[in-house]
Each structure stands twice: as C-alpha cells, then as structure tokens.
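Fold and geometry: a report
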Amino acid sequence: MDTIFNSKQEFIEEYREAVRELSGKKFEITSDIDRFNALAGLIASKARSVSARTDDRFKKEGKKRVYYFSIEFLIGRLLDNYLINFGIRDMVDEALREMGCNLDDLCRMEPDAALGNGGLGRLAACFLDSMAHEDIAGYGNGMRYRYGLFKQEIVDGRQVEVADEWLSRGYPWEVRRPDKAVRIGFGGHVVGHTEGDRIFYSVEGTEDVLAVPYDIPVVGFGGKTVNKLRVWSAEPIDEHFDLEAFNRGEYAMADASRADAEAISAILYPNDAGEHGRLLRLKQEYLFVAAGIRTALDVFRREHGAKWELLPDYVAIHTNDTHPAMCGPELMRILMDEEKLTWEEAWDIVTKTISYTNHTILPEALEKWPIATFSKLLPRIYDIIDEINRRWRDSFDTSQEGWQERLRKTSVLWDGEVRMANLSVICSHSVNGVAKIHTDILKRSVLNDFYALTPEKFNNKTNGITPRRFLAEANPSYSKLITEAIGPKWMDDADELKKLVEFEKDPSFLVRVGDSKRQNKVRLARYVRRETGLVIDPDSIFDVQVKRFHAYKRQLMNIMKVMDLYNRLLDDSSFSIQPTTFIFSGKAASSYTFAKEVIRLINSVADVVNNDSRVNDLMKVCFIPNFRVSNAQLIYPAAEISEQISTAGKEASGTSNMKLMMNGAITLGTMDGANIEIAQLAGEENEKIFGLTTPEVEELRASGNYFAWDVVNADRDRLGRVMSELTDNTFAGLSGNFDSIHNEVMSNNDYDLVLKDFRSYVDAWEELTSSYADTRDWNRRALHNTAMSGWFSSDRTIREYRDEIWHA
Ligand SMILES: *Cc1c(COP(=O)(O)O)cnc(C)c1O
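Residues numbered from 1 in each chain as written. Predicted model: local features only at pLDDT ≥ 70, side-chain atom pairs only at ≥ 80, totals over all residues. Heavy atoms only, no water.

1. Some thoughts on the UniProt feature "modified residue: N6-(pyridoxal phosphate)lysine" (unreviewed entry) in the chain
UniProt marks Lys659 with the feature "modified residue: N6-(pyridoxal phosphate)lysine" (unreviewed entry), using the numbering shown here. Locating lysine 659 in the fold gives a position in helix α26 (residues 656-662). Using a relative accessible area of 6% as the deciding quantity, one classes lysine 659 as buried. Look past the residues within four positions of lysine 659 in its chain and what remains in contact with it is Arg122, Ile465, Phe470 and Tyr636. (UniProt positions renumbered as here; feature names shortened; annotations may be inferred. Helix = DSSP H or I, 4+ residues; strand = E, 2+ residues; numbered from the N terminus. Buried < 20%, exposed > 50% of the residue type's maximum accessible area, 1.4 Å probe, protein only. Contact = heavy atoms within 4.5 Å.)

So, in structure tokens, the structure goes:
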C-alpha cells in the first residue's frame, strides 16, 4: 500500500504546520473547526498529489476514461472515509490523541455534503468509491449546489425546511479551477453558414454564463488510485457591475447579472414531487452536461488528438437517469458544428460512447419538458433532437403491423413535449435497470417497445453499496469482530464475508455479534437523546425504516401497524409484544403534502405512545430528524429489523436494504426491488417476506375488482379502527387530525395497497419479532445476512459496468 505519511511523527509535524498556516495560531489554542479544516486540507493536498500520479499512470497505460454524469452526488462526510482508504486511520487517531484532541470530534465538524436527495445520489457516491477501488479512470461530473437539500426540523410534529448552508464554514476538500471554466449559452437563435456544399450552424445572441468547476478528490481504498469528482458552479461571464445603480443606492440591481447567473447553481431540486417544468432545472441540466462534455473532449484531444472516430475506444459517458439526457445532442452539436463531422459520423460516435441507467418506473417521475420552453432556451439542442426524432421516425418499417403505436411510445417529441427517457435510450448503446425485477419490468412494460426493437441494448446491473463506508467506517465494533474472524481482506473483496458462514455454528462468536449490535444501539440511543430528548431502550428491538418519504414506500403502513399494536395492547390484556422501538427517519419533498402529513402522523403517534405509561415498557416511536448520510451511518449499524415494505413493482432497487443487510439486520419486506435478490442470497428463512407480489398487484389492478372500502369493512376491529383514528382525535393532540391522509387513501381506492397488505404485514411482523427471544438464532440470522451481503458491494456492480457496458 502506498502511504502518504512515512511515520506518525512526520504526520504530527505536517499537521501542526497545516494548523498554524490556516489559523495563524498555536495548535493548542485552536478550535475543533480550525483543526478539522487543517486536517482535511492536509489530506486533500496529499490526495491531489496521488491524483496527479494516478492521472499520469492512466495516461501512460492509455486507459479508457469513464465520465459518470449525475445531477446528484450524495457523498456525505469524507475525512473518516479517506483516512480509512489511505490506511492511516489508526495512526492519525493515535497521533491526535497524543496531541490532546479526538479524531471523532474533528470528523463531526465536517459538513455533510447533501448534494443529493437520496438513493440515486448515494448510488453515484458509492460508484465513485468503487471506481477508484477498482482502479478505473472514473470521474464524477455533477453540480455544485450552494444550498444542499434543506435541513429538516420537526416543530409540533411537522417537517419544517431550513436552508442547508453547507459551505458557510468553507469546504476544504474542493479546489476551484477557474482556468477550466466553460462558457455556456442559453437562448439566442440558430444561424446557418454555408461552407462548400454543407451548412454549419451556430447560435447567436445567447445569454451566457460561466460554468466554473470545483474538483473534489476521490480516494480509492488502498490509496493507490485517486480520481476526481468535478462539480460545476454557475457564475456571470463578466461582472457587469452597474456602478451607477450602486451609487443610486440600488444595490441588488447593481449586481443583478451575478444573481441571475448564480441562481442556476443555487439549489438542489427535490426529485419526487411537483418540481417538474422549472426553467432553472433545465438550465442546471444543460450546464453540467455541456461543461462536462467539454472536459471529456479536452482531455481526449490532449491525449489522442482530434481523431474523433477513436472517442468510443477511450471515453465512456454514462448518464445516471435522464437528467443528463442532453449528453447525446450536445455531443452531436460539438462534433458537427465545431469539429465538422457529418451527421452519420457523429451519430455513430455518440451512440457508441453513451450509456444510460434507468432509475424509476413511476410514470409521474418520467422527465418531460414542454417543447416551447425547451426550444426557446436551447434552440440548437432542440433542432438536433428534432432531427434525431425525424430519423427515428424514418427508421420505422411501416409495413409491420402496429408500427404507429410503437412510434407513439418511442418518439422523443410527442404531444408538445420532449421525452427525456426516450432521448436517453435512443442515444445510448446500453440501457440498464438497477435490480433484476426492475430490468424485467423495463423490458416487459415501460420500455417494452424499445426492447422489442433493440433487445441487445438492455441489461441489468443490480445496485450496490460500498462496504468501506457502510461497514468498516459506520460499524467499527462489528468490523473488528469480522476482521478477527476472517482477516481484513473483506474490505478489498466483500465476497470474503462469506467465510463468516462457518461462525454461525460458534455460540460464543454469536454472543459477540449480539454484543456489537448492542453497542451500536447504545450509540444510536445516545444520539437520539442528544438530538430529540427521547430516551429509548437499547434492549428493545430496533425496528428501522429510514429513507425518503413517499407514498409507495409506505411509511404509512408501518405507522398504522404501530397504531394497531398500541390499540391491541390497551384492549387485550392477554396480548403482548416483544419490546420494540419503532425508528423512522427521512425527508419529504417540500411540496409533497401527503408525505409531509405522514411525517406529522408518525410524530403525533409518537407523542401519544411515548407518553403512555401503560405501554412504554413495550413500545416507543422515534422519529430522527434530518436524515442524511452522517446519521444514516449511526442508524444502519443499530438496526435489527430492516423495513423494506414498498408496494411490489414500485421500488426500482433500494440500497438501504443492502446497507442494513450488511450490518446484520433482518429484512421485513415485500418481494420488490433488490429485496428479491436479498431473499434469494440469504434464504427466505433468514428474512421475513410478506404481501402481494408484482404479478399479483398487476392482476388485482387489471381485474377492476379491488374495493378499498371492502377491505376496511372486512376488518372493522383492527384496520377499521386504525382508519377511524386518523380523524377521531386519538392522535390529534400535537397538531390536529389526519383527514387528508384518510381521504387520499380512500378516494384513490388505496392506490399503494396499504390497506390490502396491512394484515399480512402486521402478521409477518408478529411472527418475526416472536422469534427474537431466541437470541442465538437471531444473531445467527443476522450474521448470515452479513455473510451473504458481499455480492451487494458496489465493487461488484462497478466491475459489471466496466466489463459489460464501458469496456474499460
Ligand atoms: C442509502 C440511502 C438512501 C436510499 O435509501 P432507500 O431505502 O434505498 O431508498 C437514502 N438516503 C440516504 C442518506 C442513504 O444513505
């Protein structure tokens, strides 16, 4: 392993110097924030030198470069992770102790870079880690939002959104690269110029902004490979500072052009509700696409000259979902308008270079833009899309039956809209889903017409997670135990975790598995107490559902289960349960009323249950505010039950299911997303599966024979009562009743099948928790889950991308 410090002494000297340089003070009198900034700054500068060496090596090796375009990278904190990946965490920990400070305290000073909503952004971050680990020349390309996703506070049970000013105390990992800035044009009109027998196009009268890159190093485990994440910030081209306006006292007006430009990279949009069609979002998408393509082409030209026909051999452009869908038309534009290639030459290069991952089959999440808006903002890109669409239409064999219907479904332009998923598929040589069932659904329904035309494009890449962050870093006590048992190789190769299977027969080892879980529960209980004041019992079962709030994820069904158990405990003295803490965490998009009401319901149930001494030794409800990567790393290791209860067919893959499995939680879930693969790998007997399957859901919907009221009426005592309690003041004490939830569920005939799956869910929960008393077998199942979780390492996922899509 390469090492960035030759000795502890050398580290201490360099670190002292770094603190002094940054703060101008002696180490002993500096604050933790100064100490953190200096430490991260020092590690970042070491990482940049390794990055330069990595880059030289890649150049020499003639490596293919992979650019991973994603509008979100939910990277979380980096310090602890990079110390682990450089293999110096223990040394630094010891050195800091000698210097009279504490590494964990410094790590907590780091802002949590919340440049993503949830799963999609976290996946991109895990992929960066794995690309560096696999020694792939892989670069993230994204947006540098000035404000990350909002900070969530809970007031009277309600979610309150506060601006997330993550940059306010500086961000030591990034380096601004003004020399690499790219001019981006919006608006204007397309002008043709005749040269010989061809017409070339340019856009005139554009309003331009400057995309300025910030580079963040990505340290691979082992410290040999350091790649880069490049995020783009929007700035004005020139200052255009209006001195006259300023002198008149109109300060905002004086700097208006700066504000207009900076607005483009000011905020991260929520991904799940009501934010479609925002012009700024479209500007963001074009800005990070156009600037990122420029970076990729500049590097290629420097290494290979303008031999564009070689581009697919040396560059792969991967588009994470449809937000970077303009990669295709933008690359066409540059190759034709600037590099003078013909359409056919350019198209061949583009389609061999670009690949696309689909992330959702929810129809409301499929990205579309009104043609009028689009063509005005990006007239040349629109013309190219129009031509892509025309050629697509012309390629149809009109003698085949049903061609009209197929054309309607696959067109890029339809009904006055630009359909970004269709654009992504047509511009790509590879289209993948993110779990087996998801890819099957893409082939069978959502993208079926494309699949019929080009089946060879379609492939599955089941998601993964990085074991460095989510096991080694998040769960030190368990990691230590695992390493004692099977050695440290699992961090390099998570398949090694399989060797833990042997230890399932070792009772004393299983006791230690339980001890480690309890330590993590104590750690989380402390965090909860500090953050919310709530006291939870580390000897109760920790039943965990943490993820974005969404109707299809069915947090509602989970809290209805809690309401039902509470009712029965009060009513029936012969009924009892294993003591359980029901833990929820997650944000709802600010415009997603239903999801926010479910958050309020959970907190309102918590308010009643947690203050009822009749049940408190058996149940508590805990909502942890402001879910993000840093507290996720405390929650996953403490979980014993992993709630993965989405309506079958709706969750593309999920990744928290994998993180929780790796940390030894047992999945209580539906046959959805990667839960299916989890159950297959670990054996259904080691998880608890319930509810309708995808075919059953489809059948039920198709039958037209489902009536929500009938389900409620057939179970008046329990389900009926829970539904009534939404409106009868039982839980209204904190901030009122929940009529809107009741109405939403009933008026949409239980669209997410919360009522339909309710009983089988509660039954499954009771069965699962009744087996908790057999501690040894529970710990064995927990260990078995960890042992079989290696396949869900994102290293495996990335190797599949490398071999089957990027050919890098
Ligand atoms: C893993 C992760 C997610 C994704 O969770 P799902 O349950 O797969 O939706 C969301 N947010 C954070 C902070 C994560 O770490």
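2. Considerations on the sheet that holds strand β14 (residues 413-414)
Strand order in the open sheet formed by three strands is β13-β15-β14, with antiparallel pairing between adjacent strands. Taken across any chain shown, the strands that pair with only one partner, and hence form the sheet edges, are β13 (368-370) and β14. (Pairing = 2+ DSSP bridges.)

3. A look at the nonpolar core
Residues Tyr15, Ile43, Trp173 and Phe374 are the most contacted members of the largest nonpolar core, which totals 149 residues. No other element matches the twelve residues that helix α10 (residues 279-304) contributes to this core. A domain split of this core shows at least three residues from each of domain 1 (62-76 + 112-463 + 799-806) and domain 2 (467-792). The next biggest cluster of nonpolar side chains, apart from the first, holds 66 residues, and it includes Leu565, Val605, Phe690 and Trp778. (Core = buried A, V, L, I, M, F, W, Y, C linked by side-chain atoms within 4.5 Å. Domains from an automatic or database assignment.)

4. What to know about the site of the ligand
In the vicinity of the ligand, 13 residues are found, and the nearest of them are Lys547, Lys553, Thr655, Ser656 and Lys659. Here lysine 553 contributes a side-chain N or O atom positioned 2.7 Å from an oxygen atom of the ligand. The side chain of lysine 659 places a nitrogen or oxygen atom 2.6 Å from an oxygen atom of the ligand. Here the ligand loses 95% of its free accessible area of 390 Å² to cover by the protein chains. Residue assignment for the shell around the ligand shows that the elements contributing at least two residues are α6 (119-133), α25 (629-638) and α26. In terms of residue class, the shell around the ligand is built from three nonpolar, five polar and five charged. Two domains each donate at least three residues to the shell around the ligand, and these are domain 1 (62-76 + 112-463 + 799-806) and domain 2 (467-792). (Near = heavy atom within 4 Å. Polar contact = N/O pair within 3.5 Å; in protein donor to acceptor, adjacent residues only side chain to side chain. Areas by Shrake-Rupley, 256 points an atom, 1.4 Å probe, with all protein chains shown as cover. Nonpolar A, V, L, I, M, F, W, Y, C, P; charged D, E, K, R; others polar.)

5. Quick notes on a nonpolar patch on the surface
On the surface, Phe241, Leu243, Phe246 and Tyr251 cluster together into a nonpolar patch covering about 420 Å² of accessible area. One can find tyrosine 251 in helix α8 (residues 251-254). (Patch = residues over 30% accessible without salt bridge, like charges linked within 9 Å, V, L, I, M, F, W, Y side chains within 5 Å. Salt bridge = Lys/Arg side-chain N within 4 Å of Asp/Glu carboxyl O.)

6. A few points about empty space enclosed by the protein
In the structure shown here, the tally under the stated rule is nine cavities of 30 Å³ or more. Reported here for the second largest cavity is a volume of approximately 110 Å³. In terms of lining residues, the second largest cavity is bounded by Ile75, Leu78, Asn81, Tyr82, Arg122, Ala125, Leu128, Asp129, Val218, Thr466 and Arg469. For the lining of the second largest cavity, the elements supplying multiple residues, two or more each, are α3 (79-85) and α6. Ranked by residues supplied to the lining of the second largest cavity, first place goes to α6 with four residues. Considered class by class, the residues forming the lining of the second largest cavity number six nonpolar, two polar and three charged. (1 Å grid on protein atoms, 1.4 Å probe; cavity = no way out; pocket = protein on both sides within 12 Å on 5 of 7 lines; lining within 4 Å. Points joined across faces, edges and corners; volume = space filled by probe spheres on them.)

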